[in-house]
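Coordinate analysis (summary)
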Amino acid sequence: MLRYILKRALSLVLSLVVASILIFVTIEIVPGDPASYMLGLNAQPDTIENLRRELGLDKTPVARYLSWVGGLVQGDFGTSYTYRTPVADMVADRLMVSLPLALYALLLSTAIAFPVGVLAATRRGSVADWSVMGTTQLGIAIPNFWFALLLVLVFAINLRWFSAGGFPGWEAGFFAGLKALTLPAVALALPQASILSRVMRSSLLDTLDEDYIRTARAKGLSRRQALWRHALRNAMIPVLTILGLQFSFLLAGAIIIENVFFLPGLGRLVFQAITQRDLIVVESVVMLLVFAVVLITFLVDVAYALVDPRLRQQA
Amino acid sequence: MITTNSNHHTDAQLRVNGLNLSIHETPILNSVSFDVRAGEVLGIVGESGSGKSMTAYSILQLLPDGSSLSGSVELEGQQLIGASESELCDVRGDVVGMIFQEPMTALNPVQTIGQQVAETVYIHGGVSRRAALKVARETLNRVGLPEAEFALDRYPHELSGGQRQRVVIAMAIALKPRLLIADEPTTALDVTTQAQILAVLKRLVLEDRMALILITHDLAVVANVADHLVIMRHGNIVEQGGVQEVLATKAHPYTRQLFEASGHKPDREGTSLTDKPLLKVDGLIRDYRLPRTRLFGPSRYFRAVDDVSFQLHRGESLGLVGESGCGKSTLTRAILGLDTIQGGVITIDGETVNAHHTMALSLRRKMQVVFQDPYGSFNPRHKVNRLVAEPFHLVKDAPTGNALRAVIAEVLESVGLAASDADKYIHEFSGGQRQRIAIARALVIKPALIILDEAVSALDVSIRAQILDLLASLVDTHDLSYLFISHDLSVVRSITDRVLVMKAGKLVEQGPTEQVFLHPEHPYTQSLIAAVPQLPD
Amino acid sequence: MSQSNVNAPAWYTASRVLIPGLLLVALVILAALVSFVWTPFDVTKLNIPAKLQTPNTTHWFGTDHFGRDIFSMIMVGARTSLAVAVLAVGIGLCVGIPLGLTAASMQGSLLDEIIMRGNDLVFAFPALLIAIMITAVFGPGAVNAIIAIGIFNIPVFARLTRGSALSLWQRDFVLAARVSGKGATRISIEHILPNITNLLIVQGTIQFSLGILAEAGLSYVGLGAQPPTPSWGRMLAESQTLITLAPHLALFPGFAIILTVLGLNLTGDGLRDLSDPRIRRR
């Protein structure tokens, strides 16, 4: 088990190193000099030169990469070209919106998908199954930001149950914050829940075809007992894979949804940074999101091992 | 409730009468009737499609969707046909236990063996978890999985196929059922393991005075174990009675046919044995790399073939026997020049075989292969003429157009198919016909050596007999030599001149076939031959 | 058992989703093609007096804040959506399949390891992140959206190809081809590829529909096609500020996206049911 986790952890670190190089190189090839961009057209050459030195832009690319990564490891994301404030502070503020939103959506989607998927699988071919399959087919086809617009139209503008956008901040209280994130989380979660329930259903049905289910039935277990005691845990393996992938979709989706609801999250930060050519912010936010995705992949791998003893004992 | 020792004076434990089964309107069983008594073994024998497994599933009513079942299944006086699902659940596992063919997939991979055996006990109620685990422990001991090596918390993947089958048996007998149904319980196992599992079953029947229904395709298996015999074909019982009586009189023509096919010896009078060596294997070593145990540790290797040397002469039919995992398939791949070897030399007519593309096509074309699985051996998207012509890739001036068609027609006819079969797709053929096409593909470039890798193992006995006859006749007409690889000793005995015995990567014995079978020298060969179930003469 | 008996119900079950799916997809393709020669109104002409009309007999889906005909814009927008998605799937197929075939034919080798690690790495970048990075460097545009979604598609096809090719490489008919002296490339093309085409087509339709969704998302946040090229995602973005005034502006582009994606998904499901007899029974 420990060996398996170590192996996964090593591949996590490797992925991060290569990803950081990729991101750095991509941003490196951007034409134009941030210093002269920041100071405008009329700046004096020596002022620009001073700023370049201040930002560390005069060093070699390798040195700059190393100092960037070294900073990242210590939580120092550099200084924003536009606001001249530490990027880490800006990101931390925004993360307090984006991360809860993604988790909220993941929780909702899982809470919906599990019972729905199990229900459809246990009653294969029934009216319940057909309606689940039909609804989820539609759910997958709906773009989440459009669904968000509809939610705003119905629940914020017509019914006035929620505000149409904005975020009061966690200072306003946990429930106020949660309420502001509810519509965005629902918009994010429903399409994902559709995918997840379908995966849950088909994975369970596949597992129910396995020989060991027949063995269990020969022992005297009813169809339902065989499903709960034997099929469910085995069916979790593909479901975990999709769950891991969904987190990265949710993070990315959150960037778009934040725009619908005017939420001060990472997404809005990154779009502002692009228009202001504040590349160090773009670089840091992308790196952070990649870190989150890779970390989730790692956690999913660990979860596999908890579900499946064959992986646990693997060399 | 756990039924312990009740009295067993009822006449028939199970009485099946006029059982009819159809699945999606297709008739599967037709008026099947038989009895089984306590402490008695009933063998049900038939080829694929005979309905023998479906008979077993019908008793427990574990049938696929769309099945309709009628007739009478009386278990200790209780009528099971028409019983409710919950009544059937009470019967399954408690009064009737069942064992399946595939031990590798019959156990839940994420639960311990203890949990799975104990489940049989506590699912039928009345006992605590702890008591159930205690019963599981005792039952595992009874089937020959002692606590020292096989603790309750072991997982299925840590056990071999034979050990897993013992766990399945333990699950089935944990509550001492009155009837045990075993559906091809040893088909997926090696011959020595098969003998052990059959011995366990036989012992349990005696100890618990159970009735046992043993379903198999292998007449020899039941001949040694069963008291009564039912012979099935196309969903009908063609004959039943006491084992000795049925096998001695062979009253029904199908019984006789099955009996003869099981021990079939093809006519091999005209073999032109020479002493010119065709294939020489000298000190062959083949290592596989194992996954690393430590991240930065050195690679570890598994030696699948260990210093193997032998010769195959022109015109000879050489057998290679061994149990699964002994390295015989690895050896085949090395000889065919598919894998790089780590030591030794393989030569054909003096030329060295290697796995690189430097290996001359003219050398490759001297050998061809026929595999076990008649379904996986062909690309389903190609027609027979393209499939059979594939080895012409090895020939420089390969025939084309009409000349090619003529060659393919000729080779198809030589394996007993029609020239017109060339334009069909492979799914239009039965398993036996596909194996003929595989032989045609091997023959088409007139190789000197054909490697038959378990080539008849997946076939029903009567089809197997026909293919063995075909192989025997081709030797003379095509000037062939065979390397015949099989786990089935009786087949090897019937078709080879000399035999090699392989165990754990090494050749432990070799010699003329009859001599090895009559006077085996190595203890392993002796145990193999002793384990083979024999048909009475 | 005769083949036709097995196939008839399969065709029947599959066609229940396949035919509606194909009809929807055909409808969208038709709209896109017709828009090259004819639309009810010119989408480049502004007509301020006719702005923000609700659906009526002249303007079937109404007009936007510049008085442009929504129906015509949706027809032209279909071009953008389809083009971006088709090209992005094309990138995924053209790069992913050869990578997957190569990796499978050299299983366990260093090259296989590199290809698979590379795939894992790309998976860490959701399409939107790639788009953000590309936009940060080259600025927004339809081409960059294609590249971003295309890059994201590569590991999807590479993994699928490698996974299914690996199991085919274990099959006896591939061994038979090797015994006939055929090399890895030839076997990959002759024996492996034809046997995974079904899977690739099914995955292709799924990626196609994901591509439509991704393109809409990217244009919605301004990283996709730029004005004046009409696109469904940007129509939604523009509708957002007017949502209280003219909700129909948000509805119709949304419906267009949903119907296209639904059509593609149904087609994919139908094709899979046809090619996989195991799932067929469900």
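Anything mentioned here points back to the structure above.
All of these numbers come straight from a predicted model, not from anything done at the bench.

Glancing now at the overall build of chain A. Each helix and strand in chain A was counted, giving 13 helices and zero strands. Taken from the N to the C terminus, the helices and strands of chain A come in the order α-α-α-α-α-α-α-α-α-α-α-α-α. With respect to the principal axes defined by its C-alpha atoms, chain A has extents near 85 × 60 × 35 Å. With 315 residues in all, chain A has 50% of them scored as buried. Within chain A, contacts between residues at least 6 apart in sequence are counted, and of these 74% link residues at least 24 apart. A gap of 15 Å separates the mean positions of the 26 positive and 20 negative side-chain charges of chain A.

Of all hydrophobic cores here, the largest spans 155 residues; its most connected members are A:Ile23, A:Val282, A:Val286, A:Val290, C:Phe125 and C:Ile132. The leading source of residues in this core is helix α12 (residues 279-307) of chain A, at 21 residues. Counting residues in each nonpolar core, the second largest holds 57 residues, with B:Ile113, B:Val117, B:Ile197 and B:Leu229 among its members.

Moving on, we get to the side chain of C:Ser72. All names here are of chain C. Looking at where Ser 72 falls in the secondary structure, it is placed in helix α2 (residues 70-105). A polar contact is formed between the side chain of Ser 72 and the side chain of Asp 69, at a distance of 2.5 Å. For Ser 72, the contacting residues outside a window of four places in its chain are Thr 39, Pro 40, Phe 41 and Val 43.

Each side of the interface is counted separately: chain A has 49 residues, and chain C has 40 residues. Contact between chain A and chain C buries roughly 3,800 Å² in total, counting both sides, with carbon and sulfur atoms accounting for 77%. Three residues, A:Phe145, A:Trp146 and A:Leu149, lead the burial of chain A against chain C; their summed loss comes to 16% of the area buried on that side. In this structure, the connection of chain A to chain C is made through one salt bridge. Linking C:Asp269 and A:Arg198 is a salt bridge whose minimum nitrogen-to-oxygen distance equals 3.2 Å. Here chain A is connected to chain C by four residue pairs in polar contact (both at pLDDT 80 or more). For the side of chain A that touches chain C, the secondary-structure elements that each account for two or more residues are α1 (2-28), α6 (127-141), α7 (144-158), α8 (174-208), α10 (223-261), α11 (266-275) and α12 of chain A. By residue number, the principal contributor to the side of chain A that touches chain C is α10(A), which donates eight residues. By residue class, the composition of the side of chain A that touches chain C is 37 nonpolar, seven polar and five charged.

Next up on the list: the environment of A:Leu66. Positionally, A:Leu66 belongs in helix α4 (residues 61-73). A:Leu66 sits 23 residues away from A:Asp89 along the chain, and the two C-alpha atoms are 21 Å apart.

Looking now at helix α10 (residues 328-335) of chain B. Note that an α-helix has 3.6 residues per turn; residues three or four places apart therefore point the same way. Residue and element names in this part refer to chain B. Among the eight residues that make up α10, six are buried, leaving the element largely enclosed by the rest of the structure. Taken together, the buried positions of α10 are Lys 328, Thr 330, Leu 331, Thr 332, Ala 334 and Ile 335. In the segment just after α10, Gly 337 is the residue with positive phi, at about 70°.

Moving on, we come to α8(A). A rise of 1.5 Å per residue sets the reference length of α8(A), with its 35 residues, at 51 Å; its end C-alpha atoms lie only 43 Å apart and thus fall more than 12% short of the reference. Roughly 40° is the biggest bend found in α8(A), and it falls at A:Thr182, with proline A:Pro184 one to four residues downstream.

Moving on, we come to the sheet that holds strand β10 (residues 236-242) of chain B. Residues and elements named next belong to chain B. Read from one edge to the other, the open sheet built from six strands follows the order β6-β7-β8-β3-β9-β10, with strand pairing classed as mixed. Two strands close off the open sheet at either side, each with one partner strand: β6 (96-99) and β10. Ignoring strand direction, the axes of neighbouring strands in this sheet form an average angle of 15°. The sheet contact formed by strand β3 (residues 41-45) and strand β9 (residues 228-233) spans four bridges and is parallel. The partner of Leu 42 across the bridge, within β9, is His 228.

Residues and elements named next belong to chain A. Closest axis-to-axis distance for the α1/α12 pair is 10 Å, and the angle between their directions is 160°. The angle between α1 and α12 falls in the class roughly antiparallel. Crossing hand, α1 versus α12: right-handed. In terms of residue class, the contact of α1 with α12 is made up of 21 nonpolar, two polar and three charged.

Turning next to the sheet that holds strand β12 (residues 300-313) of chain B. Residues and elements named next belong to chain B. In spatial order, the strands read β12-β11-β14-β15; together these four strands make up an open sheet with antiparallel pairing. The open sheet terminates on both sides in strands that have one partner only, identified here as β12 and β15 (351-352). Relative to strand β14 (residues 343-348), strand β11 (residues 277-290) runs antiparallel, the two being bridged by five bridges. Paired with Lys 280 across the bridge in β14 is Thr 347.

What follows deals with the interface of chain C and chain B. In this complex, chain C contributes 18 residues to the contact, which on the side of chain B involves 25 residues. Contact with chain B buries surface across chain C, with C:Asp172, C:Val179 and C:Ser180 losing the most and accounting together for 31% of the total. The interface formed by chain C and chain B contains two salt bridges. Between C:Glu190 and B:Arg386 there is a salt bridge whose closest N-O contact spans 4.0 Å. Where chain C packs against chain B, one counts nine residue pairs in polar contact (both at pLDDT 80 or more). Those elements that provide at least two residues to the side of chain C that touches chain B are α6 (172-179) and α7 (184-220) of chain C.

Conventions and cut-offs
Residues numbered from 1 in each chain as written. Chains lettered and ligands numbered in written order. Predicted model: local features only at pLDDT ≥ 70, side-chain atom pairs only at ≥ 80, totals over all residues. Heavy atoms only, no water. Helix = DSSP H or I, 4+ residues; strand = E, 2+ residues; numbered from the N terminus. Buried < 20%, exposed > 50% of the residue type's maximum accessible area, 1.4 Å probe, protein only. Contact = heavy atoms within 4.5 Å. Lys, Arg positive; Asp, Glu negative; His and termini not counted. Charge placed at Lys NZ, Arg CZ, Asp CG, Glu CD. Core = buried A, V, L, I, M, F, W, Y, C linked by side-chain atoms within 4.5 Å. Polar contact = N/O pair within 3.5 Å; in protein donor to acceptor, adjacent residues only side chain to side chain. Buried area = accessible area lost by both parts, 1.4 Å probe. Salt bridge = Lys/Arg side-chain N within 4 Å of Asp/Glu carboxyl O. Nonpolar A, V, L, I, M, F, W, Y, C, P; charged D, E, K, R; others polar. Expected span 1.5 Å × (residues − 1). Bend = angle between axes of the 7 residues up to and from the residue. Pairing = 2+ DSSP bridges. Axes fitted to C-alpha atoms, helices over the stretch in contact; angles between N-to-C directions. Parallel < 35°, antiparallel > 145°, perpendicular 65-115°, else oblique. Left-handed = near helix turned anticlockwise from the far one by under 90°.

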